[in-house]
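Fold and geometry: a report
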Amino acid sequence: MTNDFGAEFGRGSEVPITWVDVARRLSALEPAQELWVSRPETLTNARVDWTGLTLVVTPQAQREDIVAWLEQVFPNRIECADGLHLLLDGPPSAQKLPIEFEESDGDEPWIRTSLGSVEGEIDFRVRSQPSMNRSMPFIACHSVKGGTGRTTTAIAIATVLGKRQGKPTLVVDADLEAPGLSYLYRESRPEFYVSLEDVVALAHSEGTADFEQTVSWAASRLSAHRFGDVVILPLRRALDELASSAIRAEHLATSERQFAFADLIEAIAGAAGCGGVVVDVRAGLVPLSAQLILDPSVSRVVVTSLAGQSLEATVALMKFTAREQRRAGVEPAAALLVVNRIPGILRDLGQDEALLAPALDRIVESMLADRTGEAGADEAVLDDALALNPLFV
């Protein structure tokens, strides 16, 4: 006799067991889905935690319409008897999540985007990101799995960029848990005079829109951090101290300046005489990614290997970022995909492209999820050269 929990309770991730599953489901709705398109415009945002689900609505809201929409999002899970509840598959003490309505006064606060963690604040309002151009190339290097050569790739890109620009490139170690870039350069220069941790803490306490004092102070100390064509901004000065500061880069974001972290780093790079910025981001999806993934003026490099787990995780990252860009009102932008550590025998046999092709097809599909028109068989889609200004690939 076998216990087929799926047959009795439903399959895997589709089953809401805790309030976290409810938050994740609501957060995953996006403009390429019919459920997003059909949502009542009078529903502005939601708050959910272990105490219940609160739906924030405008005074004109027809609550029965919102409940009907919620029943589509959570089929057979909405109970109206004895109050409004969302049924969960947890233990008896946590099987009913109360649902309440809260009328908005028309001035709902801006909700900071938090990628990399499931938060209880979900914003359903459509926001368009202002177009902006940076004064210099700004590149973020991501990976989902460690050991793919992301840091090496970041250094290589920064070095090439520095040579082409005729100015050094500021390389930022934003790997909060494994600052390999900082350790690498400490071998050549044991003492650092300024770090990313210092810059973020000072900018947070300064509290001004342009972070003028922080920018000037940090730039003056970076002159001692130059190594050939790159200038290194390490994660922290005391690398042997593993604990990270509670003040994070994403805390600098405001409703008026959602990409404040990139603005700050760009200003420091300019003041230090650099011609570009490359940020080495922690492997995996971390909250700092929101400051870079959703910024349309930041070029993205995603590094992977041909290992099955790495490719699967990379596809998931690309799908996730395309979805979040659509939610934020940003046109999903192509990233430069770098595949490292390809065994020579696979390359010689041409099997590297065969392994990569299915992943690329899924990535392209996720980027085109909101396209409703049809393309001809010989019509190029996402076939333009990707520009990591001034690098063209």
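Residues numbered from 1 in each chain as written. Predicted model: local features only at pLDDT ≥ 70, side-chain atom pairs only at ≥ 80, totals over all residues. Heavy atoms only, no water.

**A few points about the nonpolar core**
Which entries qualify depends on this criterion: Nonpolar cores were defined as sets of buried Ala, Val, Leu, Ile, Met, Phe, Trp, Tyr and Cys residues, with membership established by side-chain atoms within 4.5 Å. Throughout this description, buried means an accessible area under 20% of the type-specific maximum (1.4 Å probe, protein chains only), exposed means over 50%, and partly exposed covers the range between. Helix and strand definitions here come from DSSP, where helices need a minimum of 4 consecutive H or I residues and strands a minimum of 2 consecutive E residues; each element is numbered from the N-terminal end.
Counting residues in each nonpolar core, the largest one holds 35 residues, and the members touching the most others are L170, L196, I265 and V277. Looking at this core, the elements with two or more residues in it are β7 (138-142), β8 (169-174), α7 (196-206), α8 (212-222), β10 (230-233), α9 (260-271) and β11 (276-281). Ranked by size, the runner-up nonpolar core spans 27 residues in total, among them V67, W69, F74 and I78.

**Topic: the packing of α7 against α9**
The test is simple: Each axis is a line fitted through C-alpha atoms, and for a helix only the stretch in contact is used; angles between axes span 0 to 180 degrees, taken between their N-to-C directions. Roughly parallel refers to an angle under 35 degrees, roughly antiparallel to one over 145, roughly perpendicular to one between 65 and 115, and oblique to any angle outside these ranges. Crossing handedness is read from the near helix: turned anticlockwise from the far helix by less than a right angle, it gives a left-handed crossing, and turned clockwise, a right-handed one. Every residue pair with non-hydrogen atoms within 4.5 Å of one another is taken to be in contact.
Viewed as axis vectors pointing N to C, α7 and α9 meet at an angle of 115°, and their least axial separation amounts to 12 Å. Considering their axes alone, α7 and α9 lie roughly perpendicular with respect to each other. Crossing angle aside, the handedness with which α7 passes α9 is right-handed. Two secondary-structure elements touch here, α7 through L196, V199 and A203 and α9 through F261, L264, I265 and I268.

**Looking at the environment of A307**
Here A307 lies in the loop between β12 (299-304) and α11 (308-327). The spacing of A307 and L356 is 49 residues in sequence and 9.9 Å in space, taken between C-alpha atoms.

**Observations concerning the sheet that holds β12**
Our working definition: Only strands joined by at least two bridges in the DSSP assignment are considered to pair.
Read across the sheet, 7 strands follow the order β9-β10-β8-β11-β7-β12-β13 without closing on themselves; strand pairing throughout is mixed. On the outer flanks of this sheet lie β9 (226-227) and β13 (336-339), each paired with one strand and no other. Sheet analysis places β12 next to β13, joined by 4 bridges and oriented parallel. Counterpart to V303 in the pairing with β13 is V338. Contacting β7, β8, β10, β11, β12 and β13, helix α5 (residues 150-165) crosses the sheet at an angle of about 180° to β11.

**Quick notes on helix α4 (residues 63-73)**
Spelled out, the test is: Our arc is simply the arc of the directions from the helix axis toward the C-beta atoms.
Listing the buried residues of α4 in full gives I66, V67, W69, L70 and V73. Along the axis of α4, the buried residues cluster in a sector spanning 160°; they form a single face. Along its buried surface, α4 packs onto α2 (19-28), α3 (34-37), β1 (43-49), β2 (52-57), β3 (78-79) and β5 (96-103).

**Describing the pairing of β7**
By the criterion of burial, β7 is predominantly enclosed, with 5 of the 5 residues buried. Burial along β7 is two-sided: the residues F138, A140 and H142 and I139 and C141 are all buried. Alignment of β7 against β12, held across 4 bridges, turns out to be parallel. Bridge pairing in β12 places C141 opposite V301.

**Some words on the sheet that holds β2**
Taken in spatial order, the 6 strands line up as β3-β4-β5-β2-β1-β6 in an open sheet, and their pairing is mixed. Edge positions in the open sheet fall to β3 and β6 (121-123), since each of these has one partner strand only. For β1 and β2, the ladder comprises 6 bridges, and the chain directions are antiparallel. In the sheet register, R47 faces β2, and the bridge partner there is T54. α4 contacts β1, β2, β3 and β5 of the sheet and is inclined by roughly 145° relative to β5.

**Here's the deal with the pattern of salt bridges**
Threshold: By convention in these notes, a salt bridge is any Lys or Arg side-chain nitrogen within 4 Å of a carboxyl oxygen on Asp or Glu.
Inspection of every chain in the model, using the stated rule, returns 15 salt bridges. For the salt bridge of E102 with R47, the shortest nitrogen-to-oxygen distance reads 2.5 Å. With a gap of 55 residues between them, E102 in strand β5 and R47 in strand β1 connect regions that are remote in the sequence. Among the residues examined, R47 registers a relative accessible area of 26% and is labelled partly exposed. R323 is paired through a salt bridge with E324; the nearest N and O atoms lie 3.0 Å apart. Residue R323 shares its accessibility class with E324, and that shared class is buried. Three or more residues are tied together by salt bridges with common partners; here these are R134, D263, E266 and D295.

**Structural notes on unusual backbone geometry**
Residues other than glycine predominantly adopt negative phi, and peptide bonds predominantly adopt the trans conformation. Not every positive phi belongs to a glycine, and N76 is a case in point at roughly 60°. Structurally, the position occupied by N76 is in the loop between α4 and β3. On the basis of relative accessible area, N76 is assigned to the exposed category, the value being 77%. Although it is not a glycine, F211 sits at a positive phi angle of roughly 50°. With respect to the helices and strands, F211 occurs in the loop between α7 and α8. Accessibility expressed as a relative area gives 6% for F211, which makes it buried.

Spatial relationships are all this shows, so hold off on functional conclusions.
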